Amino acid sequence: MKRVYNFSAGPAVLPEEVLREAANEMLDYKGCGMSVMEMSHRSKAFAEIIETAEQDLRDLMGIPDNYKVLFLQGGASQQFAMIPMNLMKNKVADYIVTGQWAKKAAAEASKYGKVNKIASSEDKTFSYIPDCSDLPVDEDADYVYICENNTIYGTKFKELPNTKGKTLVADVSSCFLSEPVDVTKYGLIYGGVQKNVGPAGVVIAIIREDLITEDVLSGTPTMLTYKTHADAGSLYNTPPAYGIYICGKVFKWLKKMGGLEVMKERNEKKAKLLYDYLDQGKLFKGTVEKKDRSLMNVPFVTGSDELDAKFVKEAKEAGLENLKGHRTVGGMRASIYNAMPYEGVEALVAFMKKFEEENL
């Protein structure tokens, strides 16, 4: 068996230890004679899986008791509608647009009320995070929305915006569990798990209880009401059970590794290795302002479409997979999530050096 170094932005690399554990339990989960894929979501065995997963996530993030943890479906993209449906009481919301996903979220929210784009970095192809220290926050805004780490463009909010007392809502899909976070600074923090936590099919939403009400926009479907899922402990309908099971294993792995402080140190070390090379190399260049660089997603270019394509092809042949940049940006992108080992980034940098020598 040959494992490649998988730099995909999502679905993405998972800890090998977790995959092996899941493989060992595939046919028989803890002596119950069936796979987690086959068991009832109402069973005692699955109740233990989802309850343990929630508790481990609470431990890792220090989630206060007045926040609900919901395991949902529909991906982060369904939250683009679910958030305004549940939170837009005044039918006004402020959005900070720093990439493709925040832009899509704002467009979706505009179907339900007035959306103010109070800051944007679109003028420079989303290559930086705008100054959010003194924003024109609308007095009537129900919330201020950000995408905290921009998977496509490789930027990250290093400081949260000054929302002037308004509820902060954040999509953290591609930086989920990569570093410690103060949950109390957010009203709602959510992410699709397929980048840094588990397999595609689960989105985790962490919501302050006072935001979970029956007072939602008229016509909101039962399935798109947070209260439905909060009241049912994420078991209103059949949840993405196997995905939740894998997420739970990843939470255990993160605890075993030492928690989010340790993950941050590991991630900083990996990112430094790659960014340091990009800063001193002659062929490859990073595309993001240094102060706003993501630890998770690192886009870079050679300046030549032909060379970029050649690099991606030859990297794949060398066992370095999924380095092609997003179609809206081009170039290359290395996603170096929690489960990417340091050796993977070392292998990438070594290959980049070799490629530079051969193509300059």
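A brief structural summary. (Residues numbered from 1 in each chain as written. Predicted model: local features only at pLDDT ≥ 70, side-chain atom pairs only at ≥ 80, totals over all residues. Heavy atoms only, no water.)

As for helix α6 (residues 241-257)
The α-helix advances 3.6 residues per turn, and as a result positions three or four apart in sequence lie on the same side.
Right, so step 1: In this model, α6 (17 residues) spans 25 Å end to end at C-alpha, consistent with the 24 Å of a helix rising 1.5 Å per residue.
Right, so step 2: With 13 of 17 residues buried, α6 is to be regarded as a mostly interior element.
Right, so step 3: Note on α6: the residue one or two positions beyond its end, Gly-258, has a positive phi of about 120°. (Helix = DSSP H or I, 4+ residues; strand = E, 2+ residues; numbered from the N terminus. Expected span 1.5 Å × (residues − 1). Buried < 20%, exposed > 50% of the residue type's maximum accessible area, 1.4 Å probe, protein only.)

Regarding the sheet that holds strand β11 (residues 285-286)
Right, so step 1: Across the sheet, which stays open at both edges, the three strands sit in the order β11-β12-β14 with antiparallel pairing between neighbours. Across the chains shown, the open sheet's two edge strands, defined by having one partner strand only, are β11 and β14 (332-335).
Right, so step 2: The pairing of strand β12 (residues 297-301) with β14 spans four bridges and is antiparallel. The partner of Pro-299 across the bridge, within β14, is Arg-333. (Pairing = 2+ DSSP bridges.)

Here's the deal with a nonpolar patch on the surface
Right, so step 1: A cluster of nonpolar side chains, namely Met-26, Leu-27 and Met-37, defines an oily patch on the protein surface of about 330 Å² accessible area.
Right, so step 2: Along the polypeptide, Met-37 turns up in the loop between α1 (16-24) and α2 (44-61).
Right, so step 3: Accessibility expressed as a relative area gives 55% for Met-37, which makes it exposed. (Patch = residues over 30% accessible without salt bridge, like charges linked within 9 Å, V, L, I, M, F, W, Y side chains within 5 Å. Areas by Shrake-Rupley, 256 points an atom, 1.4 Å probe, with all protein chains shown as cover. Salt bridge = Lys/Arg side-chain N within 4 Å of Asp/Glu carboxyl O.)

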